[in-house]
Amino acid sequence: MAGQTQAPKQSRYDVVIVGGAIMGSSTAWFLSNNADFNGSVLVVDRDLTFEACSTAHTNSCMRQQFSSELNVRISQFAADFVKNIRTYMGGDERVPELGIRNFGYMYFADNEGFADVLRESQKVQLAAGAATEVLTPAQIKERYPFYNVDDIVAGSINTVDEGYWDGLAVFDWWKRQAREKGVEYAENEVVSIAKNGAGTRVESITLKSGEVISCGQLVNASGPRGVETAKMAGIELPVEPRKRFTWIFKADQPLDRDLPLTIDPSGIHVRENGGGTYEAGGYDHDVPDVAVGYDDYTMDFSLWENQIWPVLATRIPQFEAVKVTSEWGGHYAMNTFDHNAIMGPHTVVENFISLNGFSGHGLQQSPAMGRATAEWLTYGEYRSLDLTPFNYARIPENRPIIEKAII
Ligand SMILES: Cc1cc2nc3c(=O)[nH]c(=O)nc-3n(C[C@H](O)[C@H](O)[C@H](O)COP(=O)(O)OP(=O)(O)OC[C@H]3O[C@@H](n4cnc5c(N)ncnc54)[C@H](O)[C@@H]3O)c2cc1C
């Protein structure tokens, strides 16, 4: 923990949110902004500087290119929220106007099987109002002459509401306004959860500093540690921390146009970062992709030289001469069941609300997830967008939601 633990001001809250990063703060803000919600909210986080959470290590991009309609709709709300953030925040003139840098995502297929997946997904996306195009190698080369497409059979791209956005600015404003509207943030750690005799409801949490706080409803927004928070309530969550690396590099010869967030068939991705710099992401494909320790952020310095740069320089020959300027390791809270969000009430512990398993797409899902969770906490149902399919219940019922566009 970063600093001194803090004791909450009250001994009971209507809602306790465990984890105050992007998901916890989105939920807190949507609650505080809902005229029908009159309850008290406590957000507890181990570290209110948020320097070691997934949110701090994100690449902050959004896309419409998902294979399931609900995931497209979730990102569409993110785009609308970002583009109209000041209006959503009550016209508050302190809130900056934000936009999306629409360089798009370029999914490459190097075989007909995956090209068919891209074409099928495009149908879903078009039906939901997205502007995805599936291009031939010649069309790709015409629009983006810098790519080597010798091994590529198709590329899927959408340049509307798809690209970089300032997720940390949104996070900052959710926290600020939530606090101003009465949400309390405490730097502390939830170390245990007590349930009623029947085991059907959470009654209280215990903090590392010893206080016992009772609560009406509890939200697990603990990121990769969500599995530990769930365990405290006797709940199993199929989520684990998986390490993902990011590199920022400068090119000797910058590209003459924006580089889409390109998903190479190898799994490595790279995108525009502005000012002749680019951002690449990936992980070690030579070893099994397993869970790592919650505090293990060690950088693998050999990976760039051995795996990442050779792929990039082959795909974009202009990247033959580049220099890494910064690099870091972060954690996906990987949902090992079906890579999708796990949300809503637990099937037995009914006031234990999940908000977990966002893998590599949680930042863009945070507006829709926070809004939906706040609706659930207020009304006991989702009102704006029905996210019931993502409820925890699908796990014990073994009903995975297959999302084919996972990065
Ligand atoms: C390298 C990388 C790139 C990414 N790129 C993108 C992207 O381009 N687009 C996108 O949409 N998503 C992206 N993501 C995913 C996205 O960043 C995450 O899904 C999102 O930030 C998850 O937010 P969270 O609030 O659920 O978890 P976190 O940010 O991990 O926050 C969890 C919080 O819970 C707190 N906590 C845990 N346990 C306790 C406890 N017992 N008591 C008190 N507090 C506790 C922690 O201190 C932490 O602050 C990326 C992730 C990584 C790692």
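These figures come from a predicted structure and were not determined experimentally. (Residues numbered from 1 in each chain as written. Predicted model: local features only at pLDDT ≥ 70, side-chain atom pairs only at ≥ 80, totals over all residues. Heavy atoms only, no water.)

Asks: Explain the pattern of salt bridges residue by residue, including any values.
Replies: The final tally for this structure, using the stated rule, is 28 salt bridges. Ionic pairing is found between arginine 73 and glutamate 69, a salt bridge with its closest N-O pair at 2.9 Å. Taken together, the positions of arginine 73 and glutamate 69, both in helix α2 (residues 69-83) and 4 residues apart, correspond to about one turn of that helix. For glutamate 69, a relative accessible area of 42% gives the class partly exposed. The residue arginine 86 makes a salt bridge to glutamate 97 at a minimum N-O spacing of 3.5 Å. In this pair, arginine 86 is assigned in helix α3 (residues 85-88) and glutamate 97 in the loop between α3 and β4 (105-109), connecting sequence segments 11 residues apart. Salt bridges linked by common partners bring Glu240, Arg242, Arg244 and Asp289 together as one network. (Salt bridge = Lys/Arg side-chain N within 4 Å of Asp/Glu carboxyl O. Helix = DSSP H or I, 4+ residues; strand = E, 2+ residues; numbered from the N terminus. Buried < 20%, exposed > 50% of the residue type's maximum accessible area, 1.4 Å probe, protein only.)

Asks: Describe in detail the domain arrangement of the protein chain, supporting the description with residues and values.
Replies: When the domains of the protein chain are assigned, the result is domain 1 (12-59 + 167-238 + 337-394) and domain 2 (102-161 + 240-335). With 22 residues of domain 1 in contact, the opposing surface of domain 2 contributes 17 residues. In total, domain 1 and domain 2 occlude about 1,500 Å² of area from one another, counting both sides; carbon and sulfur atoms represent 47% of this. Summed over the three residues of domain 1 that lose the most area to domain 2, namely His57, Asn59 and Pro224, the buried surface amounts to 38% of that side. Connecting domain 1 to domain 2 are 1 salt bridge. The closest approach of N and O atoms between aspartate 295 and arginine 225, which form a salt bridge, is 3.2 Å. In this structure, the connection of domain 1 to domain 2 is made through 14 residue pairs in polar contact (both at pLDDT 80 or more). Each residue belonging to the side of domain 1 that touches domain 2 can be placed in one class, and the counts come to 8 nonpolar, 10 polar and 4 charged. (Domains from an automatic or database assignment. Contact = heavy atoms within 4.5 Å. Buried area = accessible area lost by both parts, 1.4 Å probe. Polar contact = N/O pair within 3.5 Å; in protein donor to acceptor, adjacent residues only side chain to side chain. Nonpolar A, V, L, I, M, F, W, Y, C, P; charged D, E, K, R; others polar.)

Asks: Tell me about the sheet that holds strand β16 (residues 322-335), residues and numbers included.
Replies: Spatially, the 8 strands line up as an open sheet ordered β5-β6-β4-β13-β14-β15-β12-β16, and their pairing is mixed. For this open sheet the edge positions go to β5 (133-135) and β16, each flanked by a neighbour on one side alone. Direction aside, neighbouring strands of the sheet carry axes that sit 20° apart on average. Of the strand pairs in this sheet, strand β13 (residues 261-263) and strand β14 (residues 269-274) are connected by 2 bridges, and their pairing is antiparallel. Counted as the bridge partner of isoleucine 263 is histidine 269 from β14. Against the sheet, helix α4 (residues 112-127) engages β4, β5 and β6 (154-158), with an angle of about 140° to β4. Contacts from helix α8 (residues 302-315) reach β4, β12 (239-251), β14, β15 (277-282) and β16, with the element oriented near 60° to β12. (Pairing = 2+ DSSP bridges. Axes fitted to C-alpha atoms, helices over the stretch in contact; angles between N-to-C directions.)

Asks: Explain the nonpolar core to me, using residue names and the numbers behind them.
Replies: Counting residues in each nonpolar core, the largest one holds 55 residues, and the members touching the most others are Met369 and Leu387. Of all elements in the fold, only β1 (12-18), α1 (22-32), β2 (41-45), α2, α6 (167-180), β18 (352-356) and α9 (362-379) reach the threshold of two or more residues within this core. Other than its neighbours up to four places away in sequence, leucine 387 contacts Leu70, Ile74, Met343, Ala368, Met369, Ala372 and Tyr382. Grouped together as the second largest cluster of nonpolar side chains are 27 residues, Phe245, Ala280, Ile308 and Leu312 included. (Core = buried A, V, L, I, M, F, W, Y, C linked by side-chain atoms within 4.5 Å.)

Asks: Provide a residue-level description of the packing of aromatic side chains, including the pertinent values.
Replies: Here the structure, examined in full by the defined rule, presents 22 aromatic pairs. With 6.0 Å between their ring centres and 45° between their planes, phenylalanine 245 and tryptophan 247 make a pair best called tilted. Residue classification places tryptophan 247 among the buried residues on the basis of a relative accessible area of 0%. Ring geometry for tyrosine 278 versus phenylalanine 319: centroids 4.9 Å apart, planes at 50°, classification tilted. Placement of the pair is tyrosine 278 in strand β15 and phenylalanine 319 in the loop between α8 and β16, with a sequence separation of 41 residues. Taken as a pair, tyrosine 278 and phenylalanine 319 share a single burial class, namely buried. Counting every residue linked through ring pairs, the aromatic cluster contains Trp29, Phe30, Phe77, Phe81, Tyr88 and Trp174. Positioned above the aromatic ring of tyrosine 283, the side-chain terminus of arginine 244 is 3.8 Å from the ring centre. (Phe/Tyr/Trp six-rings, centres within 6.5 Å; stacked < 30°, edge-to-face > 60°. Lys NZ or Arg CZ within 6 Å of the ring centre and 35° of its normal.)

Asks: Describe in detail the site of the ligand, supporting the description with residues and values.
Replies: Every one of the 36 residues lining the ligand counts as a neighbour, but Asp45, Ser54, Thr55, Cys61 and Gln364 are closest to it. In this structure, isoleucine 22 approaches the ligand through a main-chain N or O atom, which is 3.4 Å from an oxygen atom. Here an oxygen atom of the ligand sits 2.8 Å away from a polar atom, N or O, in the main chain of glutamine 364. Here the ligand has 1,000 Å² of accessible area as a free molecule, and 95% of this is covered by the chains. Per-class residue counts for the shell around the ligand are 14 nonpolar, 18 polar and 4 charged. The residue makeup of the shell around the ligand includes at least three contributed by each of domain 1 (12-59 + 167-238 + 337-394) and domain 2 (102-161 + 240-335). (Near = heavy atom within 4 Å. Areas by Shrake-Rupley, 256 points an atom, 1.4 Å probe, with all protein chains shown as cover.)

Asks: Break down the packing of α1 against α9 for me, with residues and values.
Replies: Running from N to C, α1 and α9 point in directions that differ by 45°, and their axes come no closer than 8 Å. Relative to α9, α1 is oriented oblique. In the crossing of α1 with α9, the sense of the turn from one axis to the other is right-handed. Counted together, Ile22, Met23, Ser26, Thr27, Phe30 and Leu31 of α1 and Gly362, Leu363, Gln365, Ser366, Pro367, Met369, Gly370, Arg371, Thr373, Ala374, Leu377 and Thr378 of α9 form the full contact between these two elements. A breakdown of the residues in the contact of α1 with α9 according to their chemical character gives 9 nonpolar, 8 polar and 1 charged. (Parallel < 35°, antiparallel > 145°, perpendicular 65-115°, else oblique. Left-handed = near helix turned anticlockwise from the far one by under 90°.)

Asks: Break down α6 for me, with residues and values.
Replies: Its 14 residues place the ends of α6 20 Å apart at the C-alpha level, agreeing with the 20 Å of an ideal helix rising 1.5 Å per residue. When we look at burial in α6, the residues that qualify are Gly167, Ala169, Val170, Phe171, Trp173, Trp174, Lys175, Gln177 and Ala178. Among the structural elements, α1, α2, α3, β8 (184-187) and α9 are those in contact with the buried residues of α6. Positive backbone phi, approximately 105°, marks glycine 182, located one or two places after α6. (Expected span 1.5 Å × (residues − 1).)

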